Amino acid sequence: MQRLASLTFLLLGLQIITAQTNDKPSGGEQEEPEGWQNDGVFTLLFNQVAFNNEWTGGGTTNYSGNVSVSYNLNYSKEKWSLDNRVLLDFGMTQNKDEPFQRKTNDRFEVNSIVGLKVKKDSRWSYSWFANFKTQFAKGFEFSENDEGETTRKEITRFLSPGYIQFGPGFLWKTSKKAKINITPATARFTLIDPKYTRIEDYKDGDYFGVKKGECYRFDIGANVSGYFKFKLFENVETEQIINFYSDYLDNPENIDIDYTANFVMKINKTLSANFIFQAIYDDNVVSGFQIREVFGLGINFEV
């Protein structure tokens, strides 16, 4: 785990160097305009695979779609700054002859960082950050019964789990496209529906680390988060979002990681090819990495 965390830091460092090289302004560093600034992207991804009855190569007809919203609302005034970021994703897929639709993506996340510069021209600020994360719809575990029929069991829902993190720290920021926030004292609440922990054979910690009969878990630890957005090539732009968390109270050597890479390859003003990769490690949930990939043709609306 420690080697993996070190490798992730190394990859992130290389991305920072690339970002600073590609986005380096000419004639000195440009200051962000004061006041409110907002920008965002709304993306629709569609995918269809169809086979007729005569097709002999194998395969299952399916349809899928994904909606993604990335929105920033920022404010700056003299030594003060406020960065707000909303990430919304939801995707579904339907295979022919299956009784249930399946989620391919489900994310609802809000991030806020308030910064006060150490001094006027410094890249460092005193900061306070808050993060909220959950999902929109119920999640299910699918299996087959003795008759070969597909069945499902509910395992998650809105606010189960839900995560709330906040705390004071230090913000390193060159622009709205490059920043790292370090919070050595981060309070984290894991919220869940108590119905999951009140079943008869429940064991402490089985559901997102929450004890039997409880509806939340409290942790205190250190958080490091980074955000970088830059051009890789002329028509290829990427966002790199990464979060590390170490719990002081429970196995601090087990570092939770949440890494998202979003690549947008523009075809024209409204059409693009999008690739999203996300890797999550949290040993309170599963013992290995959770991996998500989304790729498709997108319709983008910039605001």
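Note that the structure is a prediction, hence the values are computed from the model and not measured.

A.B. asks: Looking at this structure, I do not really get empty space enclosed by the protein. What am I missing?
C.D. replies: Rolled over the atoms, a probe sized like a water molecule indicates the empty space that remains. Going through the model one piece at a time under the given rule, you end up with 4 cavities of 30 Å³ or more. Quantified by volume, the largest cavity comes out at close to 310 Å³. Lining the largest cavity are 23 residues, and of these Asn111, Ile113, Lys179, Ser225 and Tyr227 lie nearest its centre. Residues belonging to the lining of the largest cavity are distributed by class as follows: 8 nonpolar, 11 polar and 4 charged.

A.B. asks: Is there a simple way to think about unusual backbone geometry in this case?
C.D. replies: Comment: phi is negative for the bulk of residues other than glycine, and the bulk of peptide bonds are trans. With omega at 10°, the peptide bond leading from Ser160 into Pro161 counts as cis. On the secondary structure map, Pro161 appears in the loop between β7 (150-156) and β8 (162-175). One non-glycine residue, Glu78, adopts positive backbone phi at about 55°. As for its placement among the helices and strands, Glu78 is situated in the loop between β2 (62-77) and β3 (80-95).

A.B. asks: Even after reading the chapter, I still don't get a negative patch on the surface, so can you show me in this structure?
C.D. replies: Where like charges cluster on the molecular surface, the negative patch consists of Glu200, Asp201, Asp204, Asp206 and Glu214. Position of Asp206 relative to the elements: it lies in the loop between β9 (178-191) and β10 (216-233).

A.B. asks: Got a minute to help me understand the nonpolar core in this structure?
C.D. replies: A general tendency of soluble globular proteins is for nonpolar side chains to be buried together. Tyr163, Ile192, Tyr196, Tyr202, Tyr207, Phe208 and Val210 together form the largest nonpolar core, which totals 7 residues. Every residue in contact with Tyr202, bar those within four places of it in the chain, is listed here: Tyr196, Thr197, Tyr207, Val210, Lys211 and Lys212. By size, the runner-up hydrophobic cluster in this structure holds 6 residues, among which are Phe244, Tyr259, Ala261 and Tyr281.

A.B. asks: Honestly, the packing of aromatic side chains in this entry has me stumped. Any pointers?
C.D. replies: What characterises a pair of aromatic rings is the spacing of the ring centres plus the angle enclosed by the ring planes. The final tally for this structure, using the stated rule, is 17 aromatic pairs. Centre to centre, the rings of Phe166 and Phe189 are 6.4 Å apart; their planes meet at 20°, and the pair counts as stacked. Remark: Phe189 occurs in strand β9 and Phe166 occurs in strand β8; sequence separation between them is 23 residues. Owing to a relative accessible area of 31%, Phe166 belongs among the partly exposed residues under this scheme. A cation over a ring is seen here: Arg102 above Phe142, with NZ or CZ 4.0 Å from the ring centre. The aromatic ring of Phe140 is capped on one face by Arg152, whose charged end is 4.0 Å from the ring centroid.

Reading the values: the criteria
- Residues numbered from 1 in each chain as written.
- Predicted model: local features only at pLDDT ≥ 70, side-chain atom pairs only at ≥ 80, totals over all residues.
- Heavy atoms only, no water.
- 1 Å grid on protein atoms, 1.4 Å probe; cavity = no way out; pocket = protein on both sides within 12 Å on 5 of 7 lines; lining within 4 Å.
- Points joined across faces, edges and corners; volume = space filled by probe spheres on them.
- Nonpolar A, V, L, I, M, F, W, Y, C, P; charged D, E, K, R; others polar.
- Helix = DSSP H or I, 4+ residues; strand = E, 2+ residues; numbered from the N terminus.
- Patch = residues over 30% accessible without salt bridge, like charges linked within 9 Å, V, L, I, M, F, W, Y side chains within 5 Å.
- Areas by Shrake-Rupley, 256 points an atom, 1.4 Å probe, with all protein chains shown as cover.
- Salt bridge = Lys/Arg side-chain N within 4 Å of Asp/Glu carboxyl O.
- Lys, Arg positive; Asp, Glu negative; His and termini not counted.
- Charge placed at Lys NZ, Arg CZ, Asp CG, Glu CD.
- Core = buried A, V, L, I, M, F, W, Y, C linked by side-chain atoms within 4.5 Å.
- Buried < 20%, exposed > 50% of the residue type's maximum accessible area, 1.4 Å probe, protein only.
- Contact = heavy atoms within 4.5 Å.
- Phe/Tyr/Trp six-rings, centres within 6.5 Å; stacked < 30°, edge-to-face > 60°.
- Lys NZ or Arg CZ within 6 Å of the ring centre and 35° of its normal.

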